[in-house]
Amino acid sequence: MHRLKIISGHLRPSSPLVSRRDLRRSECASAAVRSPEDVVVVHGRRTAFGKAKRGAFKDTTPDELLSAVMTAVLKDVGLSPNKLGDVCVGNVLQPGAGALVARVAHFLSGFPDTVPVYTVNRQCSSGLQAVLNIAGAIRNRSIDVGLACGVESMSLRSVDNPGDLSSRLMDNDKARDCIIPMGITSENVAERFGVSREKQDAFALSSQQKAARAQSSGVFQQEIVPISTKFVDKDGNEQQVTVTKDEGIRAGTTLAGLSKLQPAFKPDGSTTAGNSSQVSDGAAAVLIGRRSAVQALGLPVLGVLRASAVVGVPPDIMGIGPAFAIPAALEQAGLTVSDIDVFEINEAFASQAMYCVEKLGIPLEKVNPNGGAIALGHPLGCTGARQVVTLLNELKRRGKRAYGVVSMCIGTGMGAAAVFEYPGP
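Notes on the structure follow. (Residues numbered from 1 in each chain as written. Predicted model: local features only at pLDDT ≥ 70, side-chain atom pairs only at ≥ 80, totals over all residues. Heavy atoms only, no water.)

**A closer look at the overall build of the protein**
Broken down by element type, the protein carries 14 helices and 12 strands. In summary, the protein has a C-alpha radius of gyration of 20 Å against a globular reference of 22 Å for 425 residues, a match within 12%. Taken across its 425 residues, the protein has 60% of its residues classed as buried. Long-range contacts, defined as pairs at least 24 residues apart, comprise 80% of the intrachain contacts of the protein with a sequence gap of at least 6. Roughly 17000 Å² of accessible area belongs to the protein as shown, and the carbon and sulfur atoms make up 52% of that amount. (Helix = DSSP H or I, 4+ residues; strand = E, 2+ residues; numbered from the N terminus. Rg over C-alpha atoms; globule rule 2.2 N^0.38 Å. Buried < 20%, exposed > 50% of the residue type's maximum accessible area, 1.4 Å probe, protein only. Contact = heavy atoms within 4.5 Å. Areas by Shrake-Rupley, 256 points an atom, 1.4 Å probe, with all protein chains shown as cover.)

This is the structure:
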């Protein structure tokens with residue numbers, strides 16, 4: 001825990017690092033001048049998120065979801081897939097982290113066999129990790145342009161199978177904590193850090209209200225790729241449906257309704273189905289490149305990746321990860337919490353999201369302005385890529401140079417964060 005104390009110490013006004021951080025912030029402002037070596041985001045799209053097991057995508061395979069967004073991103077900007085140096089796909093539940101699924105989706109999208117593809121599984125941050133992996137390949141000059149994706153079908157694959165593990169894990173406290181149900185880790189955070197049921201429900205209500213407002217005003221239309229697919233109803237009848245909207249948003253949510261829900265993981269707990277992320281199906285894709293290569297191809301720049309960090313935290317309170325990953329990423333960027341316009345923090349549970357927000361002193365109005373996973377859903381391997389798409393589109397709508405952060409907690413005890421700049425119109 002020593003490392004965590006050091007990182008959290010960066011946030012205290014009395015920290016000796018404050019002056020150095022202020023210096024680095026001014027350095028970052030100077031460095032924000034466009035460099036041909038910048039790693040930039042060109043464009044991103046996502047599917048709508050369907051309710052797992054019962055929503056419109058319950059019979060849709062993940063390769064089809066993935067193919068839809070891969071195809072749409074390149075079509076939107078008029079880029080031939082043979083220009084891609086690599087494709088990385090985040091996935092959690094498919095065998096082999098979805099390596100076969102990714103290659104099949106690759107061919108279903110009409111990509112040539114000369115373009116390589118691989119997958120990555122860093123649990124709930126897999127979609128963001130795919131972005132960071134492609135960015136790393138660009139920085140080390142292995143490639144000039146790449147596609148980072150995330151996909152998950154939680155309808156067709158279960159989170160209940162932990163894989164093949166040694167019986168010795170029961171003799172090691174930290175190893176044993178890695179298999180604690182995620183809902184119990186939420187309860188642990190709520191109990192240890194005093195996050196009340198009332199705070200959790202209020203946070204969940206806000207997520208639903210913001211998402212409902214965004215959906216009704218058409219905010220998500222530019223993100224979402226409409227998908228026509230088959231759906232088998234409860235009577236076994238197959239029908240074609242076109243999915244254009246997130247299914248988990250409940251515009252009629254009330255605090256009174258949330259307060260009536262029973263605890264989902266402990267009889268005397270505070271984590272409920274209403275203040276937890278929804279189990280979902282979905283996919284997202286983000287096109288990334290070196291600025292010089294992107295300009296040579298005549299492509300737009302939606303955002304610039306300025307910094308990223310992944311940290312470890314105790315697995316039994318894995319939800320606190322963003323509270324330590326965000327300061328680490330901000331330190332790299334030479335920025336502070338007050339410099340950031342929008343924080344996209346994954347709402348795995350209201351307990352952990354609320355803790356992280358309060359720990360870092362983030363104004364609630366800056367957090368998930370269009371709702372988060374409590375309302376939208378959390379298809380595990382997809383979420384990080386979806387957050388990048390949502391964040392940069394939100395910053396673009398604001399019409400001026402701005403900074404945003406994407407962050408999430410990670411099962412088994414980690415946190416990830418990335419800092420993006422929207423350079424302005």
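**What about helix H8 (residues 197-216)?**
For an α-helix the count is 3.6 residues per turn, leaving residues at separations of three or four pointing the same way. With 20 residues, H8 ought to run about 28 Å at 1.5 Å a step, and its terminal C-alpha atoms sit 28 Å apart, in line with that. Residues Arg-197, Gln-200, Asp-201, Phe-203, Ala-204, Leu-205, Ser-207, Gln-208, Lys-210, Ala-211, Ala-212 and Ala-214 constitute the buried set of H8. Looking at the buried residues of H8, the elements they touch are helix H7 (182-193), helix H9 (255-259), helix H12 (350-360) and helix H13 (373-376). Looking one or two places after H8, you find Gly-218, whose phi comes out positive at around 80°. (Expected span 1.5 Å × (residues − 1).)

**Re the state of the cysteines**
Covalent bonding between the sulfur atoms of two cysteines is what defines a disulfide. Applying the stated criterion to the full structure yields 0 disulfides. Looking at Cys-124, it has no disulfide partner, and the nearest cysteine sulfur is the one in Cys-409, 6.0 Å off. Cysteine Cys-356 remains unbridged, with the sulfur of Cys-409 as its closest cysteine sulfur at 7.1 Å. According to the relative accessible area criterion, Cys-356 is buried, its value standing at 1%. (Disulfide = S-S within 2.5 Å.)

**Looking at unusual backbone geometry**
Backbone geometry places Lys-53, a non-glycine residue, at a positive phi of 75°. You can see Lys-53 is positioned in the loop between strand E2 (50-51) and helix H3 (62-77). Note on Lys-53: relative accessible area 52%, which makes it exposed. A positive phi angle, near 50°, is found at Gln-123, a position not held by glycine.

**Focus on the pairing of strand E3 (residues 86-90)**
Summarising burial for E3: 5 of the 5 residues are buried, a large majority. Every second residue of E3 is oriented toward a common face, with Asp-86, Cys-88 and Gly-90 on one face and Val-87 and Val-89 on the other, all of them buried. Looking at chain direction, E3 and strand E5 (residues 145-153) are connected through 5 bridges and run parallel. Opposite Cys-88, over in E5, you have Ala-148 as the bridge partner. In this sheet, strand E4 (residues 117-120) lies alongside E3 in parallel orientation, the contact comprising 4 bridges. Paired with Val-89 across the bridge in E4 is Thr-119. Handedness of the E3-helix H4 (residues 99-108)-E4 crossover: right-handed. (Pairing = 2+ DSSP bridges. Right-handed = clockwise from strand over helix to strand, strands pointing away.)

**Describing the side chain of Glu-344**
Note that Glu-344 resides in strand E10 (residues 342-345). Residue class for Glu-344 comes out buried when judged on its relative accessible area of 1%. Residue contacts for Glu-344: discarding those within four places in its chain leaves Asn-368, Pro-369, Gly-371, Arg-386, Gln-387, Thr-390, Leu-391, Val-405, Val-406 and Ser-407.

**Observations regarding a nonpolar patch on the surface**
Together, Leu-165, Met-170 and Ile-179 make up an exposed nonpolar region whose accessible area comes to about 280 Å². Structurally, Met-170 is set in the loop between E5 and helix H6 (173-177). On the accessibility criterion, Met-170 (47% relative accessible area) is partly exposed. (Patch = residues over 30% accessible without salt bridge, like charges linked within 9 Å, V, L, I, M, F, W, Y side chains within 5 Å. Salt bridge = Lys/Arg side-chain N within 4 Å of Asp/Glu carboxyl O.)

**Quick word on the packing of aromatic side chains**
Going through the model one piece at a time under the given rule, you end up with 2 aromatic pairs. When the ring of Phe-193 is compared with that of Tyr-355, the centres are 4.4 Å apart and the planes differ by 35°; the resulting orientation is tilted. With Phe-193 in helix H7 and Tyr-355 in helix H12, this residue pair connects regions lying 162 residues apart in the sequence. Pairing Phe-265 with Phe-349 gives two aromatic rings, centres 6.3 Å apart and planes at 85°, and the pair type is edge-to-face. Of the two residues, Phe-265 sits in the loop between H9 and strand E8 (280-290) while Phe-349 sits in the loop between E10 and H12, which places them 84 residues apart along the sequence. (Phe/Tyr/Trp six-rings, centres within 6.5 Å; stacked < 30°, edge-to-face > 60°.)

**Digging into the packing of H7 against H12**
Two numbers describe how H7 lies on H12: the axes approach to 8 Å, and their chain directions differ by 45°. With respect to their mutual orientation, H7 and H12 come out oblique. Here H7 runs over H12; the crossing is left-handed. Note on element contacts: H12 touches H7 through Ser-351, Gln-352 and Tyr-355, opposite Ser-186, Val-189, Ala-190 and Phe-193. Its residues assigned to classes, the contact of H7 with H12 shows 4 nonpolar, 3 polar and no charged. (Axes fitted to C-alpha atoms, helices over the stretch in contact; angles between N-to-C directions. Parallel < 35°, antiparallel > 145°, perpendicular 65-115°, else oblique. Left-handed = near helix turned anticlockwise from the far one by under 90°. Nonpolar A, V, L, I, M, F, W, Y, C, P; charged D, E, K, R; others polar.)

**Things to note about the packing of helix H11 (residues 321-333) against H12**
Between H11 and H12, whose axes approach to 8 Å, the crossing angle comes to 40°. When the axis of H11 is compared with that of H12, the two are oblique. Considering the relative orientation of H11 and H12, their crossing is right-handed. Residues Pro-322, Ala-323, Ile-326 and Pro-327 of H11 form the contact with H12, whose own contacting residues are Gln-352, Tyr-355, Cys-356, Lys-359 and Leu-360.

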